[in-house]
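Reading the structure
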Amino acid sequence: MKVFPLLALTLSLIGGVAAYAADPVPAPAPAPKHERKPLTADQKALIKEITAKYDTNKDGKLSREERAKISAEDQAKMEKAGLPVGGKKAKAKPPTPAPATDK
């Protein structure tokens, strides 16, 4: 006689767990992508000028070394035009711990 209530309880618990497990957890919404404003004609001309002036290997792009050689005057022109001067920001390195000293 005790088998029937025990069986009913077990089945109801299994059904409840299955119903709970069937509810999917909603995935977080993807982060919106940053939309860039289109470049103006003046900005495009300035980029062409700076690239022609500092692109020493003539590959059409400024490498990190080439960007480092941009003069302060040209950097000021780029900032005034609303263009990024340094390109991608480097990730900050974690601080190195000080060496332990035994006393």
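Each residue is numbered by its place in its chain's sequence as written, counting from 1. Predicted model: local features are reported for residues with pLDDT of at least 70 only, side-chain atom pairs are reported and counted for 80 or more only, and whole-chain, interface and lining totals are derived from all residues. No hydrogens and no water enter the side-chain calculation; it runs on all heavy atoms of the structure.

1. With respect to the nonpolar core
What counts here: We define a nonpolar core as any set of buried Ala, Val, Leu, Ile, Met, Phe, Trp, Tyr and Cys residues linked to one another through side-chain atoms lying within 4.5 Å. Burial status follows relative accessibility: with a 1.4 Å probe on protein chains alone, a residue under 20% of its type maximum counts as buried, one over 50% as exposed, and anything between as partly exposed. Helix and strand assignments follow DSSP, with helices taken as H or I runs no shorter than four residues and strands as E runs no shorter than two, numbered in order from the N terminus.
One finds Leu 46, Ile 50, Tyr 54, Leu 62, Ile 70, Met 78, Leu 83 and Val 85 forming the largest nonpolar core, which totals 8 residues. In terms of residues, this core owes the most to one element, helix α2 (residues 41-54), which gives 3 residues.

2. Some thoughts on α2
What counts is decided by this rule: What a helix is expected to span follows from its residue count: subtract one and scale by 1.5 Å. This arc corresponds to the set of directions leading from the helix axis out to the C-beta atoms. Here, two residues are considered to be in contact whenever any of their heavy atoms come within 4.5 Å of each other.
For α2, built from 14 residues, the straight-helix expectation of 20 Å at 1.5 Å per residue is met to within 8% by its first-to-last C-alpha distance of 20 Å. Those residues of α2 that fall on the buried side of the exposure criterion are Gln 43, Leu 46, Ile 50, Thr 51 and Tyr 54. In an axial view of α2, the angular spread of the buried residues amounts to 130 degrees, which keeps them on one side of the axis. What points out from α2, more than 90 degrees from its buried face, is the exposed set Ala 41, Lys 44, Lys 48 and Ala 52. Residues of α2 that are buried make contact with α3 (64-68) and α4 (72-81).

3. What to know about the side chain of Gln 43
Mapped onto the elements of the fold, Gln 43 is located in helix α2. When sequence neighbours within four positions are dropped, the list of residues in contact with Gln 43 reads Pro 38, Ala 81, Gly 82 and Leu 83.

4. Quick word on a nonpolar patch on the surface
Formally: Each patch groups residues whose relative accessible area exceeds 30% and which form no salt bridge, using 9 Å between like charges and 5 Å between nonpolar side chains of Val, Leu, Ile, Met, Phe, Trp and Tyr. Every accessible area reported is derived by Shrake-Rupley at a probe size of 1.4 Å, with residue values counting cover from the shown protein chains alone. For this document, the term salt bridge refers to a Lys or Arg side-chain nitrogen within 4 Å of an Asp or Glu carboxyl oxygen.
Taken together, the side chains of Leu 6, Leu 9 and Leu 13 make up a nonpolar region of the molecular surface, amounting to roughly 310 Å² of accessible area. Mapped onto the elements, Leu 6 comes out in helix α1 (residues 3-22). With a relative accessible area of 55%, Leu 6 lands in the exposed category.

5. Looking at the pattern of salt bridges
Should their charged atoms come close, side chains of opposite charge can pair. Within this structure, the stated rule accounts for 3 salt bridges. Across the salt bridge formed by Lys 77 and Glu 49, the nearest N and O atoms sit 3.5 Å from each other. You can see Lys 77 sitting in helix α4 and its partner Glu 49 sitting in helix α2, a full 28 residues away along the chain. Using a relative accessible area of 34% as the deciding quantity, one classes Lys 77 as partly exposed.

Just distances and angles here, no functional claims.
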